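Structure at a glance
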Amino acid sequence: MTKPTIALLLGGGGARAAYQVGLLKGIVSLKPDVKDITFKIVCGTSAVAINATTLA
């Protein structure tokens with residue numbers, strides 16, 4: 001059996017983009033070894049696309 005593909009889908013919008021930055025910083029602070037957090041697919045629209053490209 002193959003390993004499942006993990007995707008991170010981020011909703012679009014300026015306010016959501018700001019919220020997501022804080023949320024992602026919190027995840028990283030709880031899990032400092034970010035190499036364990038792997039997303040094969042990262043996508044978003046609008047201002048969130050900037051967050052998605054930064055993560056990728």
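It should be emphasised that the depicted structure is a prediction, and the values quoted were computed from it without experimental measurement.

What counts and what doesn't
- Each residue is numbered by its place in its chain's sequence as written, counting from 1.
- Confidence filtering applies because this is a predicted model: local features only for residues at pLDDT of at least 70, side-chain atom pairs given and counted only at 80 or more, and all residues used for totals across whole chains, interfaces and linings.
- Side-chain measures were taken over the full set of non-hydrogen atoms in the model, leaving aside hydrogen atoms and water.
- A run of H or I in DSSP becomes a helix once it reaches four residues, and a run of E becomes a strand once it reaches two; helices and strands are each numbered from the N terminus.
- What makes two residues a contact is simply this: any of their non-hydrogen atoms within 4.5 Å.
- The buried label goes to any residue with under 20% of its type's maximum accessible area, the exposed label to any with over 50%, and the partly exposed label to all in between, with areas taken from a 1.4 Å probe on protein chains only.
- Here, any two strands with at least 2 DSSP bridges between them count as paired.
- What counts as an axis is a line fitted to C-alpha atoms, over the stretch in contact for a helix, and the angles between N-to-C directions run from 0 to 180 degrees.
- Angular relationships are summarised with four words: roughly parallel below 35 degrees, roughly antiparallel beyond 145, roughly perpendicular across 65 to 115, and oblique for the angles in between.
- We call a crossing left-handed when the near helix sits turned anticlockwise from the far one by less than a right angle, and right-handed when that turn is clockwise.
- Charged residues are taken to be Asp, Glu, Lys and Arg, nonpolar residues to be Ala, Val, Leu, Ile, Met, Phe, Trp, Tyr, Cys and Pro, and polar residues to be all remaining types, Gly included.

A word on the environment of Leu-10
Topologically, Leu-10 is positioned in strand 1 (residues 7-10). As for Leu-10 and Gln-20, which are separated by 10 residues in sequence, their C-alpha atoms are 8.0 Å apart. Apart from residues lying up to four places away in sequence, Leu-10 is in contact with Gln-20, Cys-43, Gly-44, Thr-45, Val-48, Asn-51, Ala-52 and Leu-55.

Focus on the pairing of strand 1
Every other side chain in a regular strand lies on the same face of the sheet, so the side chains alternate between the two faces. Every second residue of strand 1 is oriented toward a common face, the buried set being Leu-8 and Leu-10 and the non-buried set Ala-7 and Leu-9. Two strands pair when backbone bridges link them, and strand 1 and strand 2 (residues 41-44) are joined in this way by 4 bridges, in the parallel orientation. Bridging across to strand 2, Leu-10 finds its partner in Gly-44.

Quick look at the packing of helix 1 (residues 14-30) against helix 2 (residues 48-55)
Orientation of helix 1 relative to helix 2, taken along the N-to-C sense of each, is 30°, at an axis distance of 9 Å. By the angle between their axes, helix 1 is roughly parallel relative to helix 2. The two elements helix 1 and helix 2 meet at a crossing, and its hand is right-handed. Note on element contacts: helix 2 touches helix 1 through Val-48, Asn-51 and Leu-55, opposite Ala-17, Gln-20, Val-21 and Leu-24. Considered class by class, the residues forming the contact of helix 1 with helix 2 number 5 nonpolar, 2 polar and no charged.

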